[in-house]
Amino acid sequence: MGKKARPTGPKQLSLRNVMTNPSSTISFVQILGTGMDTGDTSPCVLLFFDQRRFIFNAGEGLQRFCIEHKIKLSKIDHIFLTRVCSETAGGLPGLLLTLAGIGDAGMAVNIWGPSELKYLVDAMRTFVPGASVVHTHSFGGSVGSRNEGTKAQAEKSSEVLLEDDVVKITAVLLRSQTSLPSDKKRSKRARVEETTAESSFADESYDVSVAYVCELPEVKGRFDIEKARKFFNRPGPHYGLLQSGKSVLASDGVTMVHPEDVMDPSSPGPIFILVDCPTAAYIPALITNPVLCSFQDQGSKQVTLVVHISPASISQLPEYQSWMSRFAGAQHVMTGHGTLNMSQPVLKSSARVVSRLNRICPQVFPISGLQSSGRQDQIKDTQEKDSSLDLISVGENLLKFRLRPLSSLGLDRSAVPEPFSMQHVQDQMLLDIPELLEATNKISDFWKSTSIESVSADALVSMDEVTKYYCEEPWLMESTPVTRTNHAGTTAAPSSDIVELHGENHESEVQETVAGSKSLTLNKISLEDIPPCLQGITREEMEIVFLGTGSSQPSKYRNVSAIYMHLFERGGIILDCGEGSYAQLRRRYGSQTDDVLAGLKLVWISHIHADHHTGLVRILAVRKAILEARGAFSPVLVIGPKQLKRFLDAYGQLEDLGMEFVDCSQTTYDADDIAEVEQAASRSDTEDIVETPNSSRSPEKEIATASSRIGLVRRSYSNSKTSPKKGQMRNYWLLPGANLMEGIDWSGRDKLRKTLSSLKLASLTSVPVVHCPHAFGVVLESEARTQPDGKRRKGWKIVYSGDTRPCQALVDASEGATVLIHEATFDDSMPEEAYAKKHSLTREAIETGVSAGVYRTILTHFSQRYPKIPVFDDSYTSQTCIAFDMMSVNLADLPLLPSLLPALKLLFKDDMASMEEEKEEVTEEAMVL
């Protein structure tokens, strides 16, 4: 039995307290996701009992799938991992954080896995509270350890993990032939532990994969009253004793009555096996394991169900098929990668929204990634080759196999979702909202007739018509004063929280009206309205794809934060990478996803909160595998806060991610600023400077002076009073005195320069913002380009806020930006929540863009209290856009983007009405109280 990890936090979260029920009447195995629409992750399998829940694997998207299908993860008692990697455990950090937030004290689960589990736990401790992962159990020993006792444990082929009145679970350890436990060939992890020297990890398969054998206790026969009456005059406690397996004396005082005298024969308990054979290197261990062999070829115990999460490329091999056929009478369910490819969404709620949005504007809401080629029924081909495999089924979302009661034993497809038709969803939308038909037709005509290269008079008329058709709300036809922070402001305003970069926190109530405030009316489009950087731009310049637009945790309609910047043949950039980002990429790009990931050159992470980075390891691991398969691997550059590096370094002992890291604080300046420091450093290397007692110039002083001016990294506090207190939500880069510089990561700067050059970008600048320690926004600027008129002008400028309160540093950095992507977590009725959690209100996000003179402001990171669409109010301007998951914004379409807003209001009018009703109910309740 594995050892229980010691608590690492100040408190220990409690496990769910349940009583075992040996007479449980309901039990089944259920498939919780197969990646049908994307094939992006390994399936999760649920073993259900009346009072107990067991889950096998917790890949990315598990929480979102369970939310979609109303499966309560708070009732899970144990999680078992077949392997410890991003594929099988990518959803674990988010799940643990969710459980830690349940109730007042939080909940925890038992987590089981092979010895590598400790590396995952160590990595997660950088951002997951230690108390939420204390109930972890590893088994199988440490592969390659020199300790003889541990080595003997590592050589065991199986281990019983749990055994009670409900179930017995045995872990069957399958070791790859390329990873044998010996001193001569120690595992990569063992070598790292035995030396303090840094070394690169060798390429090798996973050390251990686990098959789990779940044995339910036998089902006792029915108590036969008629037989009992032959021995006893009347019913009594003796009936219960007999049913519990004990013998009692008959009424005659002489005859001993045994349980078999009054009960029908017992039925053997069902047996369920989960098999994960990731590569052919594990097949020898699989087919020779003595525990698994004991259930084959008419053995003493017959297997009821085998669920295979082995890839189809492995499960279709002749030796694997032969091994399967030896389970006489067992039902096989195939759920591994490549087993099927069906255009059936895993997340139907999200797919319905995307389908409707696609009908409004297919250019901005493409659905190509959800339009797969249909089912490839490899199972049917296999059955034709081998008639002995007649009990074999394709795994489907929510497919069940009932284990108890025995009268219902077998497959149950009653919970499997109905087939999904995007065309049906779109047709139904137009039936429900008939006015959308004319609206979408007008948008289609307008977009077809309008382009950046040539804006015709007809297009201007079309824009007017669209405006008149949609804008029924009075506020859309009115002008609203545009406000800007008064830098000399002295009065605090809870809704502003504007912060100067190198001074005290300033929160100003005093705001001034900017001259020439823009009207909220949708204006006509002309060349004068289009920024010079966009004039003549092609559709191959850049596209912004919103992979996740929700906050905190995934929901049915919005995944957590992630943005992909597609630079086409130049490559791509990811800004934040929450859990499920890989699946979202596959939903967007379909069969082209591998090419997209192969071209990924840079990832930028704003801060260490889990909803912004826990999808990163999956992206990096898949990218590395793709490039290595193509024989053209090159590391990706990851830029993030220093805590992220701790996580990636710890995780790197588990899985090689193929990346290079640069601290965000090393990029808080642009190329022009760093040039002075580089020149000073260069002079210190080449000039023979002789200091005299009266000399005030030295290489060190010159570099320090230049560095201090631009406020670089490794800043120290001027005194203890200015240091943030433990647990305080403050970014210390914004505190007074935090502007001293001790050193520059020259190597990291050089890597960034080369990466930006390959992407044809002029600069990447991180901006400290007001959220948590080490929180940043980012500014990306493209290289200057020659315009159609022959003049060479500055390129486009994209700003992403990350998570922040309104921040003057971000306003300054956004000056004249082409696009500002700003978080708008709460609507304007929730200033207290926004201030407490260091997020922005809708109005504050929009005012940031207006103050900076931004061409388009796109709002994102919405609280999940707004499931489909945020609250609309008079803070919206004609430059404001709303982000949705799967929304793709091409730079060439930016001028046309605001024309979608009124159509979106029509589409979601019922949701908006219900939100207004909820707000009114809350207001009335507050007035009564």
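1. With respect to the overall build of the protein chain
Okay, so step 1: A tally of regular secondary structure across the protein chain gives 30 helices and 36 strands.
Okay, so step 2: Here the protein chain holds 929 residues, and the buried ones make up 57% of them.
Okay, so step 3: Within the protein chain, contacts between residues at least 6 apart in sequence are counted, and of these 72% link residues at least 24 apart.
Okay, so step 4: Surface exposure of the protein chain reaches about 38,400 Å², of which carbon and sulfur atoms provide 50%.

2. Here's the deal with the pairing of strand β11 (residues 208–215)
Okay, so step 1: For β11, a buried count of 8 out of 8 residues is recorded, marking the element as mostly surrounded by other parts of the structure.
Okay, so step 2: Of the two faces of β11, the one lined by Val-208, Val-210, Tyr-212 and Cys-214 and the one lined by Ser-209, Ala-211, Val-213 and Glu-215 are each fully buried.
Okay, so step 3: Bridge count for strand β10 (residues 168–175) against β11 is 8 bridges, and the pairing is antiparallel. Its bridge partner lying in β11, Val-172 is registered against Ala-211.
Okay, so step 4: By the bridge criterion, 4 bridges tie β11 to strand β14 (residues 271–275) in an arrangement that is antiparallel. Within β14, the residue paired with Tyr-212 across the bridge is Leu-274.

3. What about the packing of helix α4 (residues 117–124) against helix α22 (residues 642–651)?
Okay, so step 1: In the contact formed by α4 and α22, the axes pass within 8 Å of each other and the chain directions differ by 175 degrees. Taken together, the axes of α4 and α22 lie roughly antiparallel to each other. Counted together, Tyr-119, Leu-120, Asp-122, Ala-123 and Met-124 of α4 and Phe-647, Ala-650 and Tyr-651 of α22 form the full contact between these two elements.
Okay, so step 2: A breakdown of the residues in the contact of α4 with α22 according to their chemical character gives 7 nonpolar, no polar and 1 charged.

4. Looking at the sheet that holds strand β23 (residues 562–566)
Backbone-to-backbone hydrogen bonds pair the strands of a sheet. The strands run either parallel or antiparallel.
Okay, so step 1: A sheet is described by the order of its strands in space; here 7 strands give the open sequence β27-β26-β25-β24-β23-β22-β36, paired in mixed fashion. Of all the strands in the sheet, just β27 (659–663) and β36 (887–890) have a single pairing partner and so form its edges. Here the strands of the sheet are splayed against their neighbours by 20 degrees on average, with no regard to which way each runs.
Okay, so step 2: Along the sheet, helix α19 (residues 581–589) makes contact with β22 (543–548), β23, β24 (572–577) and β36, crossing β22 at roughly 130 degrees.

5. What about the packing of aromatic side chains?
Okay, so step 1: Counted by the stated rule, this structure contains 19 aromatic pairs.
Okay, so step 2: Summarising the aromatic geometry, the rings of Phe-56 and Phe-80 are spaced 5.2 Å apart at their centres and angled 20 degrees between planes, so their arrangement reads as stacked. Here the residue Phe-56 occupies a position in strand β4 (residues 53–56), and Phe-80 occupies one in strand β5 (residues 78–80), the gap between them amounting to 24 residues. Just as Phe-56 is buried, Phe-80 falls in that class too.
Okay, so step 3: Above the plane of the ring of Tyr-589 lies Arg-588, whose end atom (NZ or CZ) is 4.5 Å from the centre.
Okay, so step 4: The ring of Tyr-855 carries the charged tip of Arg-856 above its face, separated from the ring centre by 4.1 Å.

6. Concerning the sheet that holds strand β16 (residues 331–334)
Okay, so step 1: If you walk across this open sheet you meet the 7 strands as β9-β10-β11-β14-β15-β16-β17, and the pairing is mixed. The open sheet has two edge strands with one neighbour each: β9 (158–163) and β17 (392–394). Taken over all neighbouring pairs, the strand axes of this sheet differ in orientation by 20 degrees on average, direction set aside.
Okay, so step 2: As paired strands, β9 and β10 are joined by 5 bridges and run antiparallel to one another. Bridged to Val-160 within β10 is Thr-170.

7. Observations regarding the pattern of salt bridges
Okay, so step 1: Here the structure, examined in full by the defined rule, presents 26 salt bridges.
Okay, so step 2: Asp-122 is the partner of Arg-125 in a salt bridge, and the nearest nitrogen-oxygen pair spans 3.2 Å.
Okay, so step 3: With a relative accessible area of 31%, Arg-125 lands in the partly exposed category.
Okay, so step 4: On the accessibility criterion, Asp-122 (36% relative accessible area) is partly exposed.
Okay, so step 5: Residues joined in a network through salt bridges with shared partners are Arg-83, Glu-87 and Asp-276.

8. Considering unusual backbone geometry
Excluding glycine, a negative phi dihedral is what most residues carry, and trans is how most peptide bonds are arranged.
Okay, so step 1: The linkage connecting Arg-404 with the following residue, Pro-405, adopts the cis geometry, with an omega of 0 degrees.
Okay, so step 2: Looking at the secondary structure, you find Pro-405 in the loop between β18 (400–404) and β19 (410–412).
Okay, so step 3: At Asn-57, a position not held by glycine, the phi torsion is positive, near 75 degrees.
Okay, so step 4: Position of Asn-57 relative to the elements: it lies in the loop between β4 and α1 (62–68).
Okay, so step 5: According to the relative accessible area criterion, Asn-57 is buried, its value standing at 0%.

9. Description of helix α14 (residues 348–360)
Okay, so step 1: The terminal C-alpha atoms of α14 lie 19 Å apart, and with 13 residues this matches the ideal 18 Å at 1.5 Å per residue to within 8%.
Okay, so step 2: A large share of α14 lies buried, amounting to 10 of its 13 residues.

10. A closer look at the confidence of the model for the protein chain
Okay, so step 1: Here the protein chain averages 76 in pLDDT, while 70% of its residues score no lower than 70.
Okay, so step 2: The model gives residues 143–151 a pLDDT under 50, and that stretch makes 22 contacts with residues more than four places away or in other chains.
Okay, so step 3: Across residues 736–742, where pLDDT falls below 50, the model places 24 contacts with residues more than four positions away in sequence or in other chains.

11. A closer look at the environment of Gly-599
Okay, so step 1: Relative to the helices and strands, Gly-599 resides in the loop between α20 (593–598) and β25 (600–604).
Okay, so step 2: In this structure, the C-alpha to C-alpha distance between Gly-599 and Arg-623, residues 24 residues apart in sequence, is 8.9 Å.
Okay, so step 3: The residues touching Gly-599, leaving out its near neighbours within four places in the chain, are Gly-571 and Gly-572.

12. Side note on the pairing of strand β32 (residues 797–800)
Okay, so step 1: Here β32 shows two buried faces, one formed by Lys-797 and Val-799 and the other by Ile-798 and Tyr-800.
Okay, so step 2: Pairing of β32 with strand β33 (residues 819–823), which is carried by 3 bridges, proceeds in the parallel orientation. For Tyr-800, the partnering residue across the bridge sits in β33 and is Ile-821.
Okay, so step 3: Crossover connection from β32 via helix α26 (residues 808–813) to parallel β33: handedness right-handed.

What counts as what
Residues numbered from 1 in each chain as written. Predicted model: local features only at pLDDT ≥ 70, side-chain atom pairs only at ≥ 80, totals over all residues. Heavy atoms only, no water. Helix = DSSP H or I, 4+ residues; strand = E, 2+ residues; numbered from the N terminus. Buried < 20%, exposed > 50% of the residue type's maximum accessible area, 1.4 Å probe, protein only. Contact = heavy atoms within 4.5 Å. Areas by Shrake-Rupley, 256 points an atom, 1.4 Å probe, with all protein chains shown as cover. Pairing = 2+ DSSP bridges. Axes fitted to C-alpha atoms, helices over the stretch in contact; angles between N-to-C directions. Parallel < 35°, antiparallel > 145°, perpendicular 65-115°, else oblique. Nonpolar A, V, L, I, M, F, W, Y, C, P; charged D, E, K, R; others polar. Phe/Tyr/Trp six-rings, centres within 6.5 Å; stacked < 30°, edge-to-face > 60°. Lys NZ or Arg CZ within 6 Å of the ring centre and 35° of its normal. Salt bridge = Lys/Arg side-chain N within 4 Å of Asp/Glu carboxyl O. Expected span 1.5 Å × (residues − 1). pLDDT = per-residue confidence, 0-100. Right-handed = clockwise from strand over helix to strand, strands pointing away.

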